[in-house]
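Residue strings, one per chain:
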Amino acid sequence: MKAYSEMSKEELLKEKKSLEEAYKEYQKRGLKLNMARGKPSLEQVNLSLEMLTDVNPDTDMIVEDNVDVRNYGVIDGIYGAKQVIASMAKSEADHVIVFGNSSLNVMFDTVARGMIEGIQGNAPWYDCKDRKWLCPVPGYDRHFAITEHFGFEMINIPMNEDGPDMDMVEDLVSKDPSIKGIWCVPKYSNPGGVVYSEEVVKRFANLSPAAPDFRIFWDNAYAIHDLYEEVHLPDIFGYAITKGKQDMIFEFVSTSKVSFPGSGIAGIIASDNNLNEIRKSMAVQTIGHDKINQLRHAIFFANGAKLRAHMKKHADIIRPKFEVVEKVLGEELQHLDVGHFGVPKGGYFITYTTQPGCATRVVQLAKEAGMVLTGAGAPFPYKKDPEDSTIRIAPTYPTLEEIKVAAELFALCVRLATAEKFLEK
Ligand code: PLP
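Note that the structure is a prediction, hence the values are computed from the model and not measured. (Residues numbered from 1 in each chain as written. Predicted model: local features only at pLDDT ≥ 70, side-chain atom pairs only at ≥ 80, totals over all residues. Heavy atoms only, no water.)

A.B. asks: Explain the packing of helix α7 (residues 166-175) against helix α8 (residues 198-205) to me, please; I cannot follow it from the model alone.
C.D. replies: At a minimum axis separation of 11 Å, α7 and α8 run at an interaxial angle of 5°. Taken together, α7 and α8 sit at an angle that is classed as roughly parallel. In this structure, α7 contributes Met166, Asp167, Val169 and Glu170 to the contact, and α8 contributes Val200, Arg203 and Phe204. Looking at the contact of α7 with α8, its residues break down into four nonpolar, no polar and three charged. (Axes fitted to C-alpha atoms, helices over the stretch in contact; angles between N-to-C directions. Helix = DSSP H or I, 4+ residues; strand = E, 2+ residues; numbered from the N terminus. Parallel < 35°, antiparallel > 145°, perpendicular 65-115°, else oblique. Contact = heavy atoms within 4.5 Å. Nonpolar A, V, L, I, M, F, W, Y, C, P; charged D, E, K, R; others polar.)

Printed below as a string of structure tokens:
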């Protein structure tokens, strides 16, 4: 079949008519599909069930230095849990604070601390009335929701295949002291699946911001979530330390997509200066997080090798789902010039880029045929996709059978929306 861009009006009308007929058949099927949620499937959360019996009435509840995990205390986490977080981030336990189950919560609190208390003796961000934040796009909607909530003006930074546009980042950050931070998902970015290159990581570690309290929020949510062989992410702290710039970085990880999204552990990895500052306000905020859950994680993941073996099981479950989507989209769409998609080597998402002005229509068509997709625009600050062309596909949660139908319906919606758009022109 010809590419849509090469079709005559008559050919496009004919194509549209046959697509509409196929679409009506899908509508009659009463489908209930969901490709919006970046959630592990039932089979995946079942992988960690044994953790629930690893801690039982016979377990020794006393850990290092006479700490009873059932009782108050140890606000920054038991050593074994710090080791789990450190092993995910390829760091060391001494550079970690362990929190509750959600890293997003830790990110929110970190921005909130900057807003209210200020960072390392600088004025609270609240006092900076024209405060700004850099947002590589497409990105994670919940990051953008946090900085929107705290009144930052968000600036879009285009993503390249090896990470954010660093010329733009360096230029903006070095000139404007009201830029206080940047969101980064350096490995398997949500939603593009981009892994930052060595050069990009080095340039981040070597930024010279005009604001002394500028911080890189290095959200390493998919640090160990490889679908194939392990992909190496260069160590930002290693480079930053050689330049004395380690205070500029907050790294976040969690076991949400390792053990249980609703009941994992999250951690921050940072310099001694930053960790000490965080501990000071934590000491007022809490008398400690859930140490029984920390012990479960410490026992279950005992060491780095066990953690990686566990992640291979996750990959074996979700890899075929990614591959089905990639196969269907490749076969149904690639030759038609209706858009393009990346083939991620890990993480939780595939991004499909339509022709300009088609994404909202694709999401609407999918919805009206029984399939929920992430809202068009969601991967951009203020939910505004300037091109209306980015769609995030989340293939992990549905079953393999559902995924195949969902991908076929998705391809049909892309074709129909594009045919409509070309006819408008
Ligand atoms: N960061 C990124 C990039 C994510 O994609 C997600 C979840 O999809 C989160 C953070 C949420 O992490 P948590 O469950 O630890 O709050």
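A.B. asks: Just to check I follow, could you spell out the sheet that holds strand β4 (residues 96-98) for this structure?
C.D. replies: Across a sheet, strands are paired by hydrogen bonds formed along the backbone, either parallel or antiparallel in direction. Pairing is mixed in the open sheet, where eight strands are placed in the order β4-β11-β10-β9-β8-β5-β6-β7. If you trace the sheet from one side to the other, it starts and ends with β4 and β7 (163-164), each paired once. Relative to strand β10 (residues 249-254), strand β9 (residues 215-219) is paired through four bridges, and the arrangement is parallel. The partner of Asp219 across the bridge, within β10, is Phe252. (Pairing = 2+ DSSP bridges.)

A.B. asks: When you look at the pairing of strand β11 (residues 266-269) in this model, what are you seeing that I'm missing?
C.D. replies: On a regular strand, each side chain points to the face opposite its neighbour's, so the side chains alternate between the two faces of the sheet. In β11, alternate side chains face the same way, and those of Ala266 and Ile268 on one face and Gly267 and Ile269 on the other are all buried. The pairing of β4 with β11 spans three bridges and is classified as antiparallel. In the strand pairing of β11, Ile97 is matched with Ile268. Pairing of β10 with β11, which is carried by four bridges, proceeds in the antiparallel orientation. Opposite Val253, over in β11, you have Gly267 as the bridge partner. (Buried < 20%, exposed > 50% of the residue type's maximum accessible area, 1.4 Å probe, protein only.)

A.B. asks: Got a minute to help me understand the pairing of β9 in this structure?
C.D. replies: Across the five residues of β9, five count as buried, placing the element largely inside the fold. Judged by which residues are buried, β9 turns out to be covered on both faces: Arg215, Phe217 and Asp219 on one side and Ile216 and Trp218 on the other are all buried. The pairing of strand β8 (residues 179-184) with β9 spans four bridges and is classified as parallel. Paired with Gly181 across the bridge in β9 is Arg215. Assessed by its sense of winding, the connection that carries the chain from β8 through α8 to β9 is right-handed. The parallel pair β9 and β10 is bridged by helix α9 (residues 236-243), and the resulting crossover is right-handed. (Right-handed = clockwise from strand over helix to strand, strands pointing away.)

A.B. asks: Explain the packing of aromatic side chains to me, please; I cannot follow it from the model alone.
C.D. replies: To describe a pair of aromatic rings, you give the distance between the ring centres and the angle between the ring planes. Counting across every chain of the model gives 17 aromatic pairs. Look at Tyr222 and Tyr348: their rings are 5.8 Å apart centre to centre, the planes differ by 25°, and that puts the pair in the stacked class. With a gap of 126 residues between them, Tyr222 in the loop between β9 and α9 and Tyr348 in the loop between β12 (339-341) and β13 (350-354) connect regions that are remote in the sequence. For the pair formed by Tyr222 and Tyr348, the shared burial category is buried. Here a set of aromatic residues connected by ring pairs shows up, and it is made of Trp125, Trp133, Phe152, Trp183, Phe217, Phe250 and Phe252. Note that Lys39 overlies the ring of Tyr397, its terminal NZ or CZ placed 4.9 Å from the centroid. The ring of Phe300 carries Lys306 above its face, with NZ or CZ at 5.3 Å from the centroid. (Phe/Tyr/Trp six-rings, centres within 6.5 Å; stacked < 30°, edge-to-face > 60°. Lys NZ or Arg CZ within 6 Å of the ring centre and 35° of its normal.)

A.B. asks: Mind showing me how you'd approach α9 here?
C.D. replies: The set of residues buried in α9 consists of Ile236, Phe237 and Ala240. Buried residues of α9, viewed axially, fall in a sector of 85°; they line one side. Across α9 from its buried face, at more than 90 degrees, point the exposed residues Ile241 and Thr242. Buried residues in α9 make contact with α8, β9, β10 and β11. N-cap assignment for α9: the residue whose side-chain oxygen lies 3.2 Å from the backbone N of Phe237 is Asp235. Just downstream of α9 lies Gly244, where phi reads positive at about 70°. (Arc of directions from axis to C-beta. Polar contact = N/O pair within 3.5 Å; in protein donor to acceptor, adjacent residues only side chain to side chain.)

A.B. asks: Just to check I follow, could you spell out the pattern of salt bridges for this structure?
C.D. replies: One pass over the structure, following the stated rule, counts 23 salt bridges. Ionic pairing is found between Lys28 and Glu25, a salt bridge with its closest N-O pair at 3.1 Å. Placement of the pair is Lys28 and Glu25 together in helix α1 (residues 9-28), with a separation of three residues, close to one helical turn. Between Lys404 and Glu408 there is a salt bridge, with the nearest N and O atoms lying 2.8 Å from each other. Of the two residues, Lys404 and Glu408 both sit in helix α14 (residues 400-424), four residues apart, roughly one turn of that helix. By relative accessible area, which is 42% here, Lys404 ends up partly exposed. (Salt bridge = Lys/Arg side-chain N within 4 Å of Asp/Glu carboxyl O.)

A.B. asks: It is not clear to me how α14 should be interpreted in this structure. Could you clarify?
C.D. replies: In an α-helix, one turn spans 3.6 residues, which is why side chains three or four residues apart end up on the same side. Given a rise of 1.5 Å per residue, 25 residues ought to cover 36 Å, and the 36 Å separating the end C-alpha atoms of α14 matches this to within 8%. Counted residue by residue, α14 has 18 buried out of 25 residues, so it is predominantly covered. (Expected span 1.5 Å × (residues − 1).)

A.B. asks: What's the story with the sheet that holds β13 in this structure? I'm lost.
C.D. replies: Pairing is antiparallel across the open sheet formed by three strands, whose spatial order is β12-β13-β15. One side of each edge strand has no neighbouring strand; the edge strands of this open sheet are β12 and β15 (390-393). Neighbour to neighbour, the strand axes of the sheet diverge by 20° on average, direction disregarded. Relative to β13, β12 is paired through three bridges, and the arrangement is antiparallel. Paired with Gly339 across the two strands is Thr354, which belongs to β13.

A.B. asks: In this structure, what is going on with the site of the ligand? I would like to understand it.
C.D. replies: All residues adjacent to the ligand are Ser102, Ser103, Leu104, Tyr140, Val185, Asn190, Asp219, Ala221, Tyr222, Ser254, Ser256 and Lys257. In the model, an oxygen atom of the ligand is placed 2.6 Å from a nitrogen or oxygen of the Tyr222 side chain. Notes on the ligand: free accessible area 400 Å², of which the protein chains cover 89%. Classifying every residue of the shell around the ligand gives five nonpolar, five polar and two charged. (Near = heavy atom within 4 Å. Areas by Shrake-Rupley, 256 points an atom, 1.4 Å probe, with all protein chains shown as cover.)

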